[in-house]
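Each chain is listed here by its residues.
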Amino acid sequence: MTAARLSLATIATEVPMGAQAYQRQIGERAEAALRHASSEPWTVRPLVFRSLRSSLDGNRRLPLGRVARATESARASLGRLLYRGDTVSHRMALELPPSPHADVITLHDVVSWRFPDESAPVAAAAAEARRAAAVICVSAFTASEAVDFLGVADPHVVPNGVDPRYLDATPLTDRARATLGLDRPFLLHAGGAARRKNLEALAAAWPRIHRERPDLLLALAGPPHPRRTELFSDLPAVRLLGRLPDELMPGLVAAARAVVVPSLYEGFGLPVLEAMAARVPVIAANTSSLPEVAGGAAVIVAPTADGVVDGVLTATSGDSAVDALIAAGRARAAEFTWDRSAQGHARIWAALR
């Protein structure tokens, strides 16, 4: 029997973020998940695209900017060449052209369409999503966005997993924390600084929190961004940590007194899950996918300065109710595994053979 072939198409990037963690975790598990999901043989082909002059690791080159701006017909023609011989082609980046075979895409969110300070959307992406054989969404919220905003019919919801390192995370040692300037308990925000991250509310809340919790630092981890610097550089007891090595993050999260996620919009909100896995209380906004992921195991607040203040003071109060929330969060996070996510993907791939 001839094996079916699945191509997993991604774009090499210098600064991996949540989407790249998803790509890696699903890619590593794809073959095993397909063996579990299908009695027929499959091969998995990774296609890692990079620009024509890029020095990043990859096995294919494309003029990625031109491809993203190309017409639907031009992208379709290119896809017929790139995915020749595939049974199923899964594009994990919308910039890549569609496959003429069973074309699968992952939709993490629709921020490119909703927020002007994000990367501009691929012009053909919405129409290609409506024609795709399957659209995999990382949350029920994102699936609703796919239907209501992009006009996608019947998207599949397959949640992300949590990196097992967070379930076993040991807090950073005092010495390691001291090298980061974290010489006392700290509140942590980890992630980007786009408008939807709602750092303005956190910045407005912090002086009031600091007055009530003067021994608490605010630590912000993420790639340097002028908005973050402008908002926080003059505030008291703030540490701008920059982008930290990935291997440091589980210990940093586990060492936090609490993690705050005040975002206006998240397609999934992985920091919520990571903090719950590491037995750290979470303050999350009552927006987008965040309550869905938290599942009642976080302090859910309005995405305002008042909401953030109340949430942080509650999460750091030492009340026994917070201990119960931490236990519930740990149990909730354990439900989200990358093995389960990969198996969900494999069932969709196998059904398209």
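By convention here, each chain's residues receive numbers from 1 onward along its written sequence. Given that this is a predicted model, residues contribute local features only at a pLDDT of at least 70 and side-chain atom pairs are listed and counted only at 80 or more, while totals for whole chains, interfaces and linings are drawn from all residues. Hydrogens are left out, water is left out, and the side-chain values use all remaining heavy atoms of the structure.

(A) Quick look at the overall build of the protein chain. Per the secondary structure count, the protein chain includes 16 helices and 13 strands. Relative to the compact-globule value of 20 Å for 353 residues, the protein chain shows a C-alpha radius of gyration of 21 Å, a close match. C-alpha extents for the protein chain along the principal axes are approximately 65 × 40 × 40 Å. Using a 1.4 Å probe on the protein chains alone, a residue whose accessible area is under 20% of its type maximum counts as buried, one over 50% counts as exposed, and one in between counts as partly exposed. Evaluated residue by residue, the protein chain yields a buried proportion of 52% over its 353 residues. Counting only contacts in the protein chain whose residues sit at least 6 apart along the sequence, the fraction spanning at least 24 positions is 65%. For the protein chain, the distance from the average position of its 39 positive side-chain charges to the average position of its 36 negative side-chain charges is 6 Å. Counting from the N terminus, the helices are the DSSP runs of H or I reaching at least four residues and the strands are the DSSP runs of E reaching at least two. Each radius of gyration reported is based on C-alpha atoms, and the globular scaling rule is 2.2 Å times the count of residues to the power 0.38. By the convention used here, residues are in contact when the closest approach between their heavy atoms is within 4.5 Å. When charges are counted, Lys and Arg contribute as positive and Asp and Glu as negative, whereas His and the chain ends are disregarded. Here the site of a charge means atom NZ of a Lys, CZ of an Arg, CG of an Asp or CD of a Glu.

(B) Focus on the packing of aromatic side chains. For Phe, Tyr and Trp, where Trp contributes only its six-membered ring, two rings pair if their centres lie within 6.5 Å, and the inter-plane angle classes them as stacked under 30 degrees, edge-to-face over 60, or tilted in between. With the rule as written, the count across this model stands at four aromatic pairs. Note that arginine 353 overlies the ring of tryptophan 42, its terminal NZ or CZ placed 6.0 Å from the centroid. In this analysis the charged atom, NZ for Lys or CZ for Arg, is taken to sit over a ring once it is within 6 Å of the ring centre and within 35 degrees of the ring normal.

(C) Broad picture of empty space enclosed by the protein. As defined here, a cavity is a set of points on a 1 Å grid over the protein atoms alone where a 1.4 Å probe fits but cannot get out. A pocket is an open set with protein on both sides within 12 Å along at least five of seven lines, and residues line them when an atom is within 4 Å of a point. Grid points are joined across faces, edges and corners, and a volume is the space filled by probe spheres set on the points. Under the definition given, this model contains one cavity of 30 Å³ or more. Estimated volume of the largest cavity: approximately 40 Å³. By residue number, the principal contributor to the lining of the largest cavity is helix 15 (residues 320–334), which donates three residues. Residue classes in the lining of the largest cavity are distributed as eight nonpolar, one polar and no charged. Gly falls in the polar group here, along with every residue not listed as nonpolar (Ala, Val, Leu, Ile, Met, Phe, Trp, Tyr, Cys, Pro) or charged (Asp, Glu, Lys, Arg).

(D) Examining the sheet that holds strand 2 (residues 42–50) more closely. Judged by pairing direction, the sheet is parallel, and its seven strands sit side by side in the order 3-2-1-4-5-6-7 without closing on themselves. If you trace the sheet from one side to the other, it starts and ends with strand 3 (60–61) and strand 7 (156–157), each paired once. Strand pairing is assigned whenever DSSP detects at least two bridges linking the two strands. The pairing of strand 2 with strand 3 spans two bridges and is parallel. The residue bridging arginine 50 from the neighbouring strand is arginine 61, located in strand 3.

(E) Region of interest: the domain arrangement of the protein chain. For every domain, the bounds stem from an assignment made automatically or drawn from a database. Taken as a whole, the protein chain is organised into domain 1 (4–161 + 337–352) and domain 2 (164–335). The C-alpha centroid of domain 2 is placed 30 Å from the C-alpha centroid of domain 1. Counting from both sides, the interface comprises 22 residues of domain 1 and, opposite them, 17 residues of domain 2. Where domain 1 abuts domain 2, roughly 1600 Å² becomes buried across the two surfaces, and 59% of that area is made up of carbon and sulfur atoms. Joining two parts hides part of their accessible area as seen by a 1.4 Å probe, and the buried area is that hidden amount summed over both. By the criterion of area lost to domain 2, the three top residues of domain 1 are Phe115, Asp117 and Phe141, representing 29% of everything that side buries. Salt bridges, as used here, are contacts in which a Lys or Arg side-chain nitrogen is within 4 Å of a carboxyl oxygen on Asp or Glu. Linking domain 1 with domain 2 are two salt bridges, by the criterion used here. With a closest N to O distance of 2.7 Å, arginine 196 and glutamate 118 form a salt bridge. The greatest single-element share of the side of domain 1 that touches domain 2, amounting to four residues, is contributed by helix 6 (residues 140–150). Taken together, the residues that form the side of domain 1 that touches domain 2 break down as 10 nonpolar, six polar and six charged.

(F) Fine view of helix 6. Looking at helix 6, one finds that the buried residues are Phe141, Thr142, Ala143, Glu145, Ala146 and Leu150. On its buried side, helix 6 packs onto strand 5 (102–107), helix 4 (111–114), helix 5 (125–131), strand 6 (134–137), strand 7 and helix 13 (290–294). Glycine 151 lies just past helix 6 and shows a positive phi near 80°.

(G) Highlighting the environment of alanine 305. Locating alanine 305 in the fold gives a position in helix 14 (residues 305–315). The class for alanine 305 is buried, based on a relative accessible area of 19%. The contacts of alanine 305, once residues within four sequence positions are left out, are Ala201, Ala204, Ala205 and Arg208.

(H) Structural context of helix 12 (residues 270–277). Extensive coverage of helix 12 is indicated by the burial of seven of its eight residues. For helix 12, the complete set of buried residues consists of Leu270, Val272, Leu273, Glu274, Ala275, Met276 and Ala277. After helix 12 finishes, the residue arginine 279 shows a positive phi value of roughly 65°.

(I) Focus on the environment of valine 48. Summarising the element assignment, valine 48 is placed in strand 2. It is 5.4 Å that separates the C-alpha atoms of valine 48 and isoleucine 11, two residues lying 37 residues apart in sequence. Other than its neighbours up to four places away in sequence, valine 48 contacts Thr10, Ala12, Asp57, Gly58, Asn59 and Arg60.

(J) Fine view of the pattern of salt bridges. Scanning the model with the defined rule gives 21 salt bridges in all. We note a salt bridge from arginine 29 to glutamate 28, for which the minimum N-O separation is 3.9 Å. A salt bridge links arginine 165 to aspartate 246; the shortest N-O distance between them is 3.0 Å. With arginine 165 in helix 7 (residues 164–167) and aspartate 246 in the loop between strand 10 (238–242) and helix 11 (249–255), the pair connects residues that are 81 residues apart, well separated along the chain. In this structure arginine 165 comes out as partly exposed when scored by relative accessible area, which is 31%. Among the charged side chains, a network of salt bridges with common partners joins Arg24, Glu28, Arg29 and Asp339.

(K) Highlighting the layout of surface pockets. When its volume is computed, the second largest pocket comes out at roughly 170 Å³. Along its surface, the second largest pocket is lined by Glu72, Ala76, Arg80, Pro98, Ser99, Pro100, His101, Asp103, Glu128, Arg131 and Ala132. Those elements that place two or more of their residues in the lining of the second largest pocket are helix 3 (72–82) and helix 5. In terms of residues, the lining of the second largest pocket owes the most to one element, helix 3, which gives three residues. In terms of residue class, the lining of the second largest pocket is built from four nonpolar, two polar and five charged.

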